[in-house]
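Results of the structural survey
Now for the letters of each chain:
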Amino acid sequence: MSVSLGMPQVKKAGAPDDGQQQTLPSRPGDAGPSLIDRFGRVATDMRLSLIDKCNLRCTYCMPADGLAWLPKELLMSAGEITRLVRIAVGHLGVRELRLTGGEPLVRADLVDIIRGIRANHADLPISLTTNALGLDKKAAALKEAGLTRINVSLDSLCPETFAQLTRRDNLKRVLAGVDGAAAAGLGPIKINAVLMRGINDVEAPELVSWATHNGHELRFIEQMPLDADHGWTRKNMVTAAEVKERLSGRFDLRPDPRDRDGAPAERWEVRNPDDGALLGVIGIIASVTEPFCADCKRTRITAEGKVRSCLFSHEETDLMELLRSDASDVDIADRWRAAMWAKPAAHGMDHVGLDAPDFVQPERSMSAIGG
Ligand code: SAM
Ligand code: SF4
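Read on for an overview of the structure. Since the model is a prediction, treat every value here as computed from it, not as a measurement. Residue positions within a chain follow its written sequence, with the count starting from 1. For naming, the first written chain is A and the first written ligand is 1, with later ones following in the order written. Residue-level local features of this predicted model are given only where pLDDT is at least 70; pairs of side-chain atoms are given and counted only at 80 or more, and the full residue set underlies all totals for whole chains, interfaces and linings. Heavy atoms from the whole structure form the basis of all side-chain values; hydrogens and water molecules are not counted.

1. Observations concerning the state of the cysteines
Note the threshold: Our working definition of a disulfide is a cysteine sulfur pair at a distance within 2.5 Å.
Counted according to the given criterion, the structure contains zero disulfides. Note on Cys-293: no disulfide assigned, nearest cysteine sulfur contributed by Cys-310 at a separation of 6.2 Å.

Written out as structure tokens, the structure reads:
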């Protein structure tokens, strides 16, 4: 049965923007085996955190002293992770998996986890978001285990600025990791960069030149209020509009004609302003100033097996309790579906610091949620 709900209208990903109210399901499960929410969005993209721990201390994410890491026994085991992915794909329509953290390379059993997932899902795209420390030594094994692709976070190509931003003097090792991933066939590599005012914002054109020259796709991500130090301010955040302005002096940016298909990044062709030659493609993720909540396809699982329907959720739904009981796959799928059903319409972050005095930063910071 489907009914039309008197709820805020949210455009469904890919749906024509014709102003017509959509027919939405009345409760989880009405739309079949999918992670559908009250607003008709269907989550097919799963972000799974493998660990909360990290070996860098990026200022926009972690405090200088790190956080109280979860004890090992509270982290999902390789077997529990494999099972959750099987349920997500088999019962809930998940079609894409991103492994993240904390720093996923810190997990000693990462290769086994990927091999275990791949054994059940020959065609599932599996990507990994990493700071690339040590990736040069692990890339070949990750590829062999079945990893499809890599996203690397890299905010600066200047050793001093990198050290200032991450509180670790490790730029060379990260660059070696990126090269190792490319050599192992883990491309196309996406590079994530967060620009911080007065620190690395001047480097935007350099980062684009480096990425396009090396055949990587750079994505600028607006800094979000998800840092453990609660130091985010709207004034200091470098907006997507500013990024485009900084690049316009050096490059000719033209909208990528390909369909965005619910992806968070708005993609731009980078062209040589003199002869129009295509140098590469970049993405700009304007999570704060131009939120894409209406098209969100994400479901998130924390390292200790909790569902978060949104990065900015204040609620989590525990699946670990079920994983460690005699609950069936169907029981777990039902709880997951109910958690996603309650996904909020939007994160409200676009008004933080403007007219949203009620916005409350989630208790957990980015590394503890799984970015
Ligand atoms: N450690 C891995 C890494 O850095 O790629 C994976 C986890 S990290 C939390 C995932 C992504 O979140 C990184 O690209 C990082 O730049 C981004 N991130 C962390 N804190 C952020 C914040 N406050 N705003 C925007 N992006 C953030
Ligand atoms: Fe670690 Fe990634 Fe957070 Fe940096 S952004 S501190 S690398 S989890």
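That was the structure; now back to the text.
2. Description of the site of ligand 2
The line we're drawing: Throughout, the term near means that a residue has one or more heavy atoms lying within 4 Å of the molecule or strand in question. Ten residues, namely Ala, Val, Leu, Ile, Met, Phe, Trp, Tyr, Cys and Pro, are considered nonpolar, four, namely Asp, Glu, Lys and Arg, are considered charged, and the remaining ones, Gly among them, are considered polar.
Close contacts around ligand 2 come from Cys-54, Leu-56, Cys-58, Cys-61, Met-62, Gly-102, Asn-131 and Ser-367, and that covers them all. Looking at the shell around ligand 2, its residues break down into five nonpolar, three polar and no charged.

3. Details of the sheet that holds strand E15 (residues 306-308)
Applicable threshold: What makes two strands pair is DSSP finding at least two bridges between them. Per the convention used, a helix needs a DSSP run of H or I reaching at least four residues, while a strand needs a run of E reaching at least two, with both numbered from the N terminus. Residues are treated as being in contact if the distance between any of their heavy atoms lies within 4.5 Å. Comment: axis = line fitted to C-alpha atoms, over the contacting stretch for helices; angle = value between 0 and 180 degrees taken between N-to-C directions.
Read from one edge of the open sheet, twelve strands run E11-E12-E13-E10-E9-E8-E7-E6-E5-E14-E15-E16, paired in mixed fashion. Bordering the open sheet on either side are strand E11 (252-255) and strand E16 (317-318), each of which pairs with just one other strand. Running at roughly 120° to strand E14 (residues 298-301), helix H9 (residues 329-341) makes contact with strand E5 (45-51), E14, E15 and E16 of the sheet.

4. A word on the site of ligand 1
The test is simple: Distance and chemistry together define a polar contact, namely a pair of N or O atoms within 3.5 Å, with one atom able to donate a hydrogen and the other to accept it when in protein, and with adjacent residues in sequence counting only for side-chain atoms on both sides. Here, Shrake-Rupley sampling with a 1.4 Å probe gives the accessible areas, and only protein chains in the shown set may cover a residue.
Taken together, the neighbourhood of ligand 1 is formed by 18 residues, with Tyr-60, Gly-102, Glu-103, Ser-153 and Met-224 sitting nearest. Residue Glu-103 places a side-chain N or O atom 3.1 Å away from a nitrogen atom belonging to ligand 1. Here a nitrogen atom of ligand 1 sits 2.8 Å away from a polar atom, N or O, in the main chain of Met-224. Here ligand 1 has 540 Å² of accessible area as a free molecule, and 95% of this is covered by the chains. Contributions of two or more residues to the shell around ligand 1 are made by strand E6 (96-101), strand E7 (126-130) and strand E9 (190-194). Class assignment of the residues belonging to the shell around ligand 1 gives a composition of six nonpolar, ten polar and two charged.

5. Some points on the nonpolar core
Soluble globular proteins tend to bury their nonpolar side chains together. Condition: Residues enter a nonpolar core if they are buried and are Ala, Val, Leu, Ile, Met, Phe, Trp, Tyr or Cys, with the set joined through side-chain atoms within 4.5 Å. Residue exposure (1.4 Å probe, protein chains only): buried if accessible area is under 20% of the type maximum, exposed if over 50%, otherwise partly exposed.
With 98 residues, the main nonpolar core has Leu-48, Phe-220, Ile-282 and Trp-336 as its most contacted residues. No other element matches the six residues that helix H1 (residues 78-92) contributes to this core. Aside from chain neighbours lying at most four places away, what touches Phe-220 is Ala-193, Leu-195, Ala-204, Leu-207, Val-208, Val-243, Leu-247, Ile-282, Gly-283, Ile-284 and Ile-285.

6. Observations regarding the packing of helix H2 (residues 110-120) against helix H3 (residues 135-145)
Spelled out, the test is: To sort the angles, those under 35 degrees are grouped as roughly parallel, those over 145 as roughly antiparallel, those from 65 to 115 as roughly perpendicular, and the leftovers as oblique. Crossing handedness is defined as follows: a turn of the near helix away from the far one that is anticlockwise and smaller than a right angle gives a left-handed crossing, while the clockwise case is right-handed.
Two elements in contact, H2 and H3, have axes separated by 8 Å at closest approach and are oriented at 20°. Classified by the angle their axes make, H2 and H3 are roughly parallel. As H2 packs across H3, the resulting crossing turns out to be right-handed. On the side of H2, the interface is formed by Leu-110, Val-111, Ile-114, Arg-115 and Arg-118, while H3 contributes Ala-141, Leu-142, Glu-144 and Ala-145. Looking at the contact of H2 with H3, its residues break down into six nonpolar, no polar and three charged.

7. Examining the side chain of Asn-200
Relative to the helices and strands, Asn-200 resides in the loop between E9 and helix H6 (204-214). A relative accessible area of 0% means that Asn-200 is categorised as buried. Of the polar contacts made by the side chain of Asn-200, one reaches the backbone oxygen of Val-194; its length is 2.9 Å. What Asn-200 contacts, discounting residues up to four positions off in sequence, is Asp-155, Thr-161, Leu-165, Val-194 and Leu-195.

8. Some details on the pattern of salt bridges
Applied cut-off: Think of a salt bridge as a Lys or Arg side-chain nitrogen and an Asp or Glu carboxyl oxygen that are within 4 Å of each other.
A full pass over the atoms with the stated rule returns 24 salt bridges. A salt bridge links Arg-254 to Asp-252, with the nearest nitrogen and oxygen atoms 3.0 Å apart. By relative accessible area, which is 26% here, Asp-252 ends up partly exposed. Put simply, Asp-334 and Arg-337 hold a salt bridge, and the shortest N to O gap is 2.8 Å. Of the two residues, Asp-334 and Arg-337 both sit in helix H9, three residues apart, roughly one turn of that helix. Residue classification places Asp-334 among the partly exposed positions, given a relative accessible area of 39%. A residue is classified by how much of its surface remains accessible, and Arg-337, at 13% relative accessible area, is buried. Connected via shared salt-bridge partners are Glu-304, Arg-308, Glu-316 and Arg-364.

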